[in-house]
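Here is how the chains run, residue by residue.
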Amino acid sequence: MKDIKLNRRTFLRGLGGISIALPTLEIMLDGQLANAQAAPAKRIGVFFVGQSLGADGDRRNFFVPPSAGANYVTSVGLRPLETRNVKSDVSVVSGLYIPTGSGPGNRGPEYHPYAHWPMLNGTCNIASSGAQEGDNIGESADQIIGRTLGANTRFLSLNYQGQPNFYLPGYDFYGRDIMAFKRNSNGSISRISNQTSPHAAFLSLFGSFTPPGGNIDPIVAAELVKRRSILDAVLNDRNRLLNLLGVSDQQRLTQHLDEIRSLESRISNSIPPPSMSACSKPSDPGADPTINIAARYSNERERNLIFMDLIHMAFVCDLTRAATLMLTTSQCHMSALSVNPSFSNITDGCEPHEIGHNAGGAPRQAPAGTPVTIMNPNLSASDSNSYAMSLIHAWHVDQFAYLVAKLKSTAEGTGTLLDSSALLLVFEGGHGRLLNSPGDTGAAIGTHSTENMAMLVAGRVGGLKPGKHIVKTGVHPALVTISAMKAVGHNSETLGQMQGTVPELFT
């Protein structure tokens, strides 16, 4: 047999300029498969909680550990890290701050939905030229990693959302469901809409996945053919539509149709990903849980855990290197009754956002018999809403810990999947002074604050040393994001307008 050698970036090329990236083959490795397996792909995941860390007027914080260092005390909100035995795999970074104003990485005066964007893209979201708040944004970390480190994966990024409805009558998300931004070929930045259907996400990831020696499900195959025929019908009318539009609309349409063709190419790619010991086609999750607007709860926990399972297997099979999941959206109006039964005695405004605002100003005691954090054994009425919010934090943290534990239990190379991953859990806001925001009185403590923010960092990739509480008072949260990017192999310490890392995450 002729001695041949293939580059790891070799593509299969066909008519029409179509190209398909090959999986990693032994012929590309000069027989050094063991060495290749010793250096697995690196992944980043960003998970979002649509809630701040404390309530209006309440001074205590029931989320941040009371002291810095290793083996930190787990508060009410962090207790699931112990329950799922991943506390030593997760660091807490607190004291973070996004200033208000037009400076680098700052946020505008409006809180929803713009306050959290700078921590994910490092860019001030108000423009000095007078553009509306939220117009001036930068590419988010997940997109940068997907584009630069996962260019040969089937999906540059996965962007999911567990909360499918805003739940506030007469309103829609209006940007409250956005956490990721991509850079287009012309240099402009676009917001990314999240996939809210777990079943559609499954079909996109694994509908055309063919295990070695297996065949694609004929029902799924028929659905994919149907989708492709619809896409082709749209594309066949491209020239006619372009002739009817102005220059700016032509650019928008071209970009949109290019994205459709890109998606079609990825869907139709039936070449299986690299065959790994843990890589397999997961079970079809079936129909999505019912959206129940009246109850303001659509089984978000079940939806999120399905998304977590899909992200896990997408990482295992190297279908992507980057993923995001909004567990709940900004200004969350999901019912808290479904999160924790101890809220059953709260009759008004029983949702994270309204609890943060004291549901009209009426403070509530924690239900009788509810355990309190070991940090603060005496719970006063003035702190009850912040305590209630941390019970909701725990609901979110448990789902994050679920994925951390799943990655930790998945063997890869000489370690685990968690050893090659960096996961962030980020929150909409912090718990501190309002600081130049609407309603600022100079000393008021409010839930619409980006002071005293906190982030969770899980994983050991790139020298991350988890299991600590790190206090970084006044430091921009984008530096935590940059640290995760650097850990997975990004060669820059810059994100948007922000530069630097949190060295303590690596020591």
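Quick caveat, the model's predicted, so the values are computed rather than measured.

## Comments concerning the overall build of the protein
The helix and strand inventory of the protein stands at 13 helices and 18 strands. Sorting the 507 residues of the protein into buried and exposed places 53% on the buried side. Counting contacts in the protein only where the partners sit at least 6 residues apart, residues at least 24 apart contribute 69% of the total. In the form shown here, the protein has an accessible surface area of approximately 21,400 Å², with 52% of it arising from carbon and sulfur atoms.

## With respect to the nonpolar core
Judged by nonpolar contacts, the single largest core of 51 residues is most densely connected at Phe-47, Phe-63, Leu-205, Leu-423, Leu-425 and Leu-456. Counting residues per element, this core draws most heavily on helix 9 (residues 300–316), which supplies 10 residues. Setting aside residues no more than four positions away along its own chain, Leu-425 makes contact with Phe-47, Val-49, Leu-327, Val-397, Phe-400, Ala-454, Met-455 and Leu-456. Listed in part, the 36 residues of the second largest apolar core include Leu-424, Met-453, Val-457 and Val-502.

## Description of helix 13 (residues 478–487)
Helix 13 sits mainly inside the fold: 9 of its 10 residues count as buried. All of the buried residues along helix 13 are Ala-478, Leu-479, Val-480, Thr-481, Ile-482, Ser-483, Ala-484, Met-485 and Ala-487. One or two residues past the end of helix 13 sits Gly-489, with phi positive at roughly 115°.

## Quick word on the sheet that holds strand 3 (residues 43–49)
In spatial order, the strands read 4-16-5-15-12-3-9-6; together these 8 strands make up an open sheet with mixed pairing. The open sheet terminates on both sides in strands that have one partner only, identified here as strand 4 (69–70) and strand 6 (158–161). The sheet contact formed by strand 5 (residues 90–96) and strand 16 (residues 468–471) spans 3 bridges and is parallel. Bridging across to strand 16, Ser-94 finds its partner in Val-471. Contacts between helix 9 and the sheet are confined to strand 3, strand 6, strand 9 (322–326) and strand 12 (421–427), with strand 9 contributing the most and set at about 175° to the helix. Lying over the sheet, helix 12 (residues 384–408) contacts strand 3, strand 5, strand 12 and strand 15 (453–458), oriented at roughly 175° with respect to strand 12.

## Notes on the packing of aromatic side chains
Aromatic rings considered in pairs are described by the distance between their centres and by the relative angle of their planes. A complete count under the given rule lists 7 aromatic pairs for this structure. Aromatic pair Tyr-114 and Trp-117: ring centres 5.2 Å apart, planes at 75°, arrangement edge-to-face. Taken as a pair, Tyr-114 and Trp-117 share a single burial class, namely buried. Both rings, one in Trp-117 and one in Phe-181, keep their centres 5.0 Å apart while their planes meet at 75°; by these two values the pair is edge-to-face. With Trp-117 in helix 3 (residues 117–121) and Phe-181 in strand 7 (residues 181–183), the pair connects residues that are 64 residues apart, well separated along the chain. Feature note: the residues Tyr-114, Trp-117 and Phe-181 constitute an aromatic cluster, connected by ring pairs. Over the aromatic face of Tyr-72 sits the side chain of Lys-87, whose NZ or CZ is 5.2 Å from the ring centroid.

## Concerning the packing of helix 9 against helix 12
The N-to-C vectors of helix 9 and helix 12 enclose an angle of 25°; their axes lie 10 Å apart at closest approach. Here helix 9 is positioned roughly parallel relative to helix 12, judged by the angle of their axes. Here helix 9 runs over helix 12; the crossing is right-handed. Where helix 9 abuts helix 12, its residues Glu-300, Arg-301, Asn-304, Leu-305, Met-308, Asp-309, Ile-311, His-312 and Phe-315 lie against Trp-395, Asp-398, Gln-399, Phe-400, Tyr-402, Leu-403, Lys-406 and Leu-407. Here the residues of the contact of helix 9 with helix 12 are counted per class, giving 9 nonpolar, 3 polar and 5 charged.

## Considerations on unusual backbone geometry
Following His-112, the chain continues to Pro-113 via a peptide bond in cis, the omega torsion being -5°. The phi angle at Asn-452 is positive, at roughly 55°, despite the residue not being glycine. Relative to the elements of secondary structure, Asn-452 occurs in the loop between strand 14 (445–446) and strand 15.

## Some remarks on the pattern of salt bridges
Two side chains of opposite charge can pair, provided their charged atoms sit close to one another. Taken as a whole, this structure holds 14 salt bridges when the rule is applied. Among the ionic pairs, Arg-296 bridges to Glu-351, the shortest N-O distance being 2.0 Å. Of this pair, Arg-296 sits in the loop between helix 8 (247–268) and helix 9 while Glu-351 sits in the loop between strand 9 and helix 10 (352–356), and the two are 55 residues apart along the sequence. Connected through salt bridges with shared partners, the residues Arg-84, Arg-301 and Asp-398 form a single ionic network.

## Considerations on helix 5 (residues 198–206)
With respect to burial, helix 5 is a largely interior element, 7 of its 9 residues being buried. Listed as buried for helix 5 are Pro-198, Ala-200, Ala-201, Phe-202, Leu-203, Leu-205 and Phe-206.

## Points about the state of the cysteines
Counted according to the given criterion, the structure contains 1 disulfide. A sulfur-sulfur distance of 2.1 Å marks the disulfide that ties Cys-279 to Cys-317. Residues Cys-279 and Cys-317 share a disulfide whose torsion about the S-S bond is about 110°; that sign makes it right-handed. Placement of the pair is Cys-279 in the loop between helix 8 and helix 9 and Cys-317 in the loop between helix 9 and strand 9, with a sequence separation of 38 residues. Of the two residues, Cys-279 and Cys-317, neither departs from the other in class, the shared state being buried.

## Describing the packing of helix 5 against helix 9
Where helix 5 contacts helix 9, the two axes come as close as 10 Å, and the packing angle between them is 10°. Relative to helix 9, helix 5 is oriented roughly parallel. On helix 9, the residues that touch Pro-198, Ala-201, Phe-202, Leu-205 and Phe-206 of helix 5 are Arg-303, Ile-306, Phe-307, Leu-310, Met-313 and Ala-314. Its residues assigned to classes, the contact of helix 5 with helix 9 comprises 10 nonpolar, no polar and 1 charged.

## A few points about the pairing of strand 12
Extensive coverage of strand 12 is indicated by the burial of 7 of its 7 residues. Residues Ser-421, Leu-423, Leu-425 and Phe-427 line one face of strand 12 and the alternating positions Ala-422, Leu-424 and Val-426 line the opposite face, and both faces are buried. When strand 3 meets strand 12, the two strands line up parallel, connected through 7 bridges. Residue pairing across strands places Phe-48 opposite Val-426, the latter belonging to strand 12.

Parameters at a glance
- Residues numbered from 1 in each chain as written.
- Predicted model: local features only at pLDDT ≥ 70, side-chain atom pairs only at ≥ 80, totals over all residues.
- Heavy atoms only, no water.
- Helix = DSSP H or I, 4+ residues; strand = E, 2+ residues; numbered from the N terminus.
- Buried < 20%, exposed > 50% of the residue type's maximum accessible area, 1.4 Å probe, protein only.
- Contact = heavy atoms within 4.5 Å.
- Areas by Shrake-Rupley, 256 points an atom, 1.4 Å probe, with all protein chains shown as cover.
- Core = buried A, V, L, I, M, F, W, Y, C linked by side-chain atoms within 4.5 Å.
- Pairing = 2+ DSSP bridges.
- Axes fitted to C-alpha atoms, helices over the stretch in contact; angles between N-to-C directions.
- Phe/Tyr/Trp six-rings, centres within 6.5 Å; stacked < 30°, edge-to-face > 60°.
- Lys NZ or Arg CZ within 6 Å of the ring centre and 35° of its normal.
- Parallel < 35°, antiparallel > 145°, perpendicular 65-115°, else oblique.
- Left-handed = near helix turned anticlockwise from the far one by under 90°.
- Nonpolar A, V, L, I, M, F, W, Y, C, P; charged D, E, K, R; others polar.
- Salt bridge = Lys/Arg side-chain N within 4 Å of Asp/Glu carboxyl O.
- Disulfide = S-S within 2.5 Å.

Just distances and angles here, no functional claims.
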